[in-house]
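Read off the chains here:
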2 protein chains.
Amino acid sequence: MSDFDKRYGDYLAYFNKRLEEFCDKLDCTPEVLRRSLTYSLMLGGKRIRPVLMLAVADAIKTDKERVLDFALALELIHTYSLIHDDLPDMDNDDFRRGQPSNHKVFGAANAILAGDGLLNTAYSVLFDQCFKGNEYVSAAKYICDCAGVYGMIAGQSADILHENDEIVSEEDLEFIYSRKTGKLITAATVTPSILNDGKYFSELKMLGNKLGYLFQLTDDILDVEGAFEKTGKSLGKDEKEGKLTGVRVYGLDNCKLRVDVIGDDCIRIIDGIDGDTSFLYDFVNFVKTRQI
Amino acid sequence: MSDFDKRYGDYLAYFNKRLEEFCDKLDCTPEVLRRSLTYSLMLGGKRIRPVLMLAVADAIKTDKERVLDFALALELIHTYSLIHDDLPDMDNDDFRRGQPSNHKVFGAANAILAGDGLLNTAYSVLFDQCFKGNEYVSAAKYICDCAGVYGMIAGQSADILHENDEIVSEEDLEFIYSRKTGKLITAATVTPSILNDGKYFSELKMLGNKLGYLFQLTDDILDVEGAFEKTGKSLGKDEKEGKLTGVRVYGLDNCKLRVDVIGDDCIRIIDGIDGDTSFLYDFVNFVKTRQI
C-alpha cells in the first residue's frame, strides 16, 4: 500500500467514525425519514471533500478536530445535492455509487424531503459550531455561501439551462464547473484556513477552484470512458441529456490535455504552501488518474 | 379600519420593506434562478410568521430590529417549504396564493432548485446574525431545528406516510400538526424571547404550538369550506389525496368546536404575559375566523 493510500485510508476512517456516530445519534421519526437520510449517507463514496479538508488542515497545521464537524456538514450538503440531482425531475438517475438512488428506494416525495432534511441538518451541525467564536461563524457562512445561490445552486441552475444548447460556450462551461463542482471543493480547502487566521487563504481558494475543475473534467471523461463497476453511476448520460460538458466543448482528447494543464496549475499552487504537503501533491494525481 | 387591521398592516409594511430590499439585492445568475426565487417570495401571502414574530417582540419589549432578519429567514424557509410541497411528486398543487405555483411557471427542476436556494439563503441570512453573539446563534439554531428533521420536515414526512391510512389516529394527527405547521409558528413566537434573555420562553413556546394547531385546524376546514377566490389554493385536495386531517379525524363540526377550545387555550396563555398583548388576543381571533 502506498503512503498516499494509507493516509487516505486514515483520513477516511477518521471521518467515517464521526459520520457513523452522527448517523447512530439520528433518531428522527417517522422511521422512513431516518432511513432515507442514512441510506444515502452510508452509500459510501470517496468522501473527497472531507478527506481533502482534513489533509489541508494537516498541511497548514490546523487542528483536525476543529474542522471535523465542518467536514461532516460539507458531506451532508454534498449528499443532499446528489439526492436532488438524481430525482426524476432533475437528472433522473437510477444509480448512485452502484446502488439504487434514493428516490428508487424511497420514492420521489421522500427523496425530496431527505435532501431537504440533509441540507437542514448540515446547518444545524454548523450552528453548533458557531457558539465557539466568530471565526467559526465565518467558516460556516463560507460553506453556506459556497452551497447557495451564488455557489453550487447557481451551477446546477446553469447546468439545466444549458442542456441541449446548440452553440456551446467555454464561458458557460466555466460558470457551471466553477460553481456546480468547484464551490464545495473550495469550501473544503478554505475552511481549515478560516479556522487558522486565514493562513494561505488565497492559495487554498485557488487550489479548490482548480481541483474542482480537474474533478469535473475527469468526471466528464469518465462519463464517456468509465466503467459502471467502478464509478457506480450510469454512463453516457451527459451526451444523452445534452449536457454542456468539457468533452462537448473541447473534445475528448483536448479534455485529457487540459487535465494535465490544470493538474500542473494545482501543483504550482501547492508549491507555494510551506508545510506537510506531500499528500496534497498525491491527491492531485489521484484526481487526475481516477477511475472511480 | 380596526386597530388590529392597522397594526397588522404596519407590521406587514415593516416586514415587506425588508423583504423587498432583500429581493432587490439578490443578483444571482442565471436569471431564471433569481426570478424563480423572487417569484414565490413576492406572491404575497399573509406573512403570518413574520407578523407574529414582530408582534411578540413588541409584546415582550424585544427590539423589532433585532428580530427582523430572523423573520426574513423564517419567511424564506416557509416559502421554500411551499415550493417543494407543491411539486408534482409531492402534493402536486398548481396554485398558490391564487397564482400558478413555482413549478408551473419555471418547471419542476427549477422549482426544486428554487426551494433549495431559498432554504440555503435563509441560513446565509442567519449566519450573518450569528456574528452578533451567542444569543443570536441560539435563535438561529432554534429556527433551524424547528425547520429540520425533528421539526417541519418530520411533519411533512408523516403527512406523506399517513396518506390513505384506513384507520386514522389522533396521535398521528397531533404529530403532523405540531411539526408540519406548529414548529415554524413556534419559531416565530420564541425567537423574540431568545433574543431577550428567554423572557416568557415556555409560555411563548406553548402559544406557538397552540397557534400552529389552530392554524392547521382552520386550514383543514377551509380546504372543505373555503373559497378559491380567498384562499388562492386548490380546494378539496385533502380528501382527494386521502390526507390525515382534523376534519377526517374529528369530523367537520367537532373540528369547529376544537377551534374554539384551542382558541381559548391561546387566550389563557396570553393572559399570563405581562405587556402590550392586545394585538396577540386579536391575532388569535384572526386565525380562528380567517377565510384566507
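Everything here concerns the structure above.
Keep in mind it's a predicted model, so treat the numbers as computed, not measured.

*Asks:* I keep staring at the interface of chain B and chain A and nothing clicks. Help me out?
*Replies:* Interface size is commonly expressed as the accessible area that is lost once the parts come together. Between chain B and chain A, the residue contacts involve 50 residues of the former and 50 residues of the latter. Buried area between chain B and chain A, summed over both chains or domains, comes out near 4,300 Å², and the portion from carbon and sulfur atoms is 70%. Per-residue buried area on chain B facing chain A is highest for B:Asn120, B:Phe127 and B:Phe131; these three make up 16% of the total on that side. Joining chain B to chain A, the criterion identifies 2 salt bridges.

*Asks:* What's the story with a nonpolar patch on the surface in this structure? I'm lost.
*Replies:* A contiguous nonpolar surface patch, about 220 Å² in accessible area, is contributed by A:Phe95, A:Phe228 and A:Leu235. With respect to the helices, strands and loops of the structure, A:Phe95 is situated in strand S1 (residues 95-96).

*Asks:* Just checking my understanding: could you explain the side chain of B:Lys243 for this structure?
*Replies:* Residue and element names in this part refer to chain B. By secondary structure assignment, the location of lysine 243 is in the loop between helix H12 (237-240) and helix H13 (246-250). At 2.9 Å, the side chain of lysine 243 forms a polar contact with the side chain of aspartate 159. Discounting residues that sit within four places of it in the chain, lysine 243 has contacts with Asp91, Asp159, Glu163, Asp238 and Arg248.

*Asks:* I'm lost on the packing of helix H6 (residues 108-130) of chain A against helix H6 (residues 108-130) of chain B in this one. Help?
*Replies:* When two helices pack together, their arrangement is captured by the angle between the axes and the distance separating the axes. At a closest axis distance of 11 Å, the pairing of H6(A) and H6(B) adopts a crossing angle of 5°. As the angle between them shows, H6(A) and H6(B) are arranged roughly parallel. On H6(B), the residues that touch A:Asp116, A:Leu119, A:Asn120, A:Tyr123, A:Leu126, A:Phe127 and A:Cys130 of H6(A) are B:Asp116, B:Leu119, B:Asn120, B:Tyr123, B:Leu126, B:Phe127 and B:Cys130. Here the residues of the contact of H6(A) with H6(B) are counted per class, giving 10 nonpolar, 2 polar and 2 charged.

*Asks:* I tried to follow the nonpolar core on my own but got confused; where do I start?
*Replies:* Proteins that are soluble and globular tend to have nonpolar side chains buried together. In this structure, A:Tyr123, A:Phe283, B:Tyr123 and B:Phe283 are the most contacted members of the largest nonpolar core, which totals 196 residues. In contact with B:Phe283, other than residues within four places in its own chain, are B:Phe4, B:Tyr8, B:Ile48, B:Val51, B:Leu52 and B:Leu211.

*Asks:* Can you help me understand the pattern of salt bridges in this one?
*Replies:* If the charged atoms of two oppositely charged side chains come close together, the side chains can form a pair. One pass over the full model with this rule turns up 47 salt bridges over all chains. A:Asp219 is the salt-bridge partner of A:Lys233, the closest N and O atoms lying 3.2 Å from each other. Note that A:Lys233 is positioned in the loop between helix H11 (228-231) and helix H12 (237-240) and A:Asp219 in helix H10 (residues 201-225), a separation of 14 residues in sequence. Two residues, B:Glu225 and B:Lys256, come together in a salt bridge whose shortest N-O distance is 2.9 Å.

*Asks:* Could you clarify how one ought to interpret the relation of the copies chain B and chain A in this entry?
*Replies:* For the pair of chain copies, the relating transformation is a rotation about an axis with a translation along it. By a simple turn and slide, chain B fits onto chain A: the slide is 0.0 Å along the axis, the RMSD is 0.0 Å, and the turn is 180°. Put plainly, the chains are arranged around a two-fold axis. Here 100% of the interface residues in chain B have copies in chain A that are interface residues too; the copies meet face to matching face.

*Asks:* I would appreciate a short explanation of the environment of A:Gln291 in the present structure.
*Replies:* All names here are of chain A. Mapped onto the elements, glutamine 291 comes out in the segment after helix H15 (278-289). Glutamine 291 sits in the partly exposed class, given a relative accessible area of 45%. Taking the C-alpha atoms as reference points, glutamine 291 and lysine 240, separated by 51 residues in sequence, lie 21 Å from one another. For glutamine 291, the residues in contact, after removing those within four places along its chain, are Leu222, Lys230 and Thr231.

*Asks:* Can you walk me through the environment of B:Ala188 in this structure?
*Replies:* Residue and element names in this part refer to chain B. Note on placement: alanine 188 falls in helix H9 (residues 170-194). A residue is classified by how much of its surface remains accessible, and alanine 188, at 0% relative accessible area, is buried. A C-alpha to C-alpha distance of 6.8 Å links alanine 188 and proline 50, two positions 138 residues apart in sequence. If sequence neighbours within four positions are ignored, alanine 188 has contacts with Arg49, Leu52, Met53 and Leu74.

*Asks:* Even after reading the chapter, I still don't get the packing of aromatic side chains, so can you show me in this structure?
*Replies:* The description of an aromatic ring pair rests on the distance of the ring centres and on the angle between the ring planes. All names here are of chain A. The tally for this structure, following the rule as stated, stands at 30 aromatic pairs over all chains. Centroid distance tyrosine 142 to phenylalanine 201: 6.0 Å. Interplanar angle 85°. Geometry classified as edge-to-face. Residue tyrosine 142 is found in helix H7 (residues 134-147), and its partner phenylalanine 201 is found in helix H10; the two are separated by 59 residues along the sequence. By relative accessible area, tyrosine 142 is classed as buried at 18%. According to the relative accessible area criterion, phenylalanine 201 is partly exposed, its value standing at 29%. Taken together, a centroid distance of 6.2 Å and an interplanar angle of 40° make the contact between phenylalanine 279 and phenylalanine 283 tilted. Residue phenylalanine 279 and its partner phenylalanine 283 are located together in helix H15, separated by 4 residues, close to a single helical turn.

Scoring rules and cut-offs
All residue numbers refer to position in the chain's written sequence, counted from 1. Chain A is the first chain written and ligand 1 is the first ligand written, with later ones labelled in order. The predicted nature of this model means local features are confined to residues of pLDDT at least 70 and side-chain atom pairs, given and counted, to a pLDDT of 80 or more, with totals for whole chains, interfaces and linings taken over all residues. Computation of side-chain values covers all heavy atoms of the structure but excludes hydrogens and water. In this analysis, two residues are considered to be in contact whenever any of their non-hydrogen atoms come within 4.5 Å of each other. The term buried area means the drop in 1.4 Å probe accessible area that two parts suffer when joined, counted for both and summed. In the sections that follow, a salt bridge refers to a side-chain nitrogen of Lys or Arg positioned within 4 Å of a carboxyl oxygen of Asp or Glu. Patch definition: residues above 30% relative accessible area lacking any salt bridge, with like charges linked at up to 9 Å and the nonpolar side chains Val, Leu, Ile, Met, Phe, Trp and Tyr linked at up to 5 Å. Residue-level accessible areas treat just the shown protein chains as cover; the underlying method is Shrake-Rupley with a 1.4 Å probe. Think of it this way: any DSSP run of H or I at least four residues long counts as a helix, any run of E at least two long counts as a strand, and we number them from the N terminus. Two N or O atoms form a polar contact when they lie within 3.5 Å of each other; inside protein one atom must be a possible hydrogen donor and the other a possible acceptor, and for residues adjacent in sequence the pair counts only when both atoms belong to side chains. Lines fitted to C-alpha atoms define the axes here, with helix axes fitted over just the stretch in contact, and angles between the N-to-C directions of these axes take values from 0 to 180 degrees. Relative orientations are named as follows: roughly parallel for angles under 35 degrees, roughly antiparallel for angles over 145 degrees, roughly perpendicular for angles from 65 to 115 degrees, and oblique for any other angle. Gly counts as polar in this scheme, as do all residues outside two lists: the nonpolar Ala, Val, Leu, Ile, Met, Phe, Trp, Tyr, Cys and Pro, and the charged Asp, Glu, Lys and Arg. For the purposes of this section, nonpolar cores are sets of buried Ala, Val, Leu, Ile, Met, Phe, Trp, Tyr and Cys residues that join through side-chain atoms within 4.5 Å. For every residue, the accessible area (1.4 Å probe, protein chains only) is compared with the maximum for its type, and the residue is labelled buried under 20%, exposed over 50%, or partly exposed between those bounds. C-alpha atoms of residues with pLDDT of at least 70 in both copies form the basis for the least-squares superposition of the copies. Classification of ring pairs uses Phe, Tyr and Trp, with its six-membered ring standing for Trp, and accepts pairs whose centres are within 6.5 Å; under 30 degrees between planes counts as stacked, over 60 as edge-to-face, and the remaining range as tilted.

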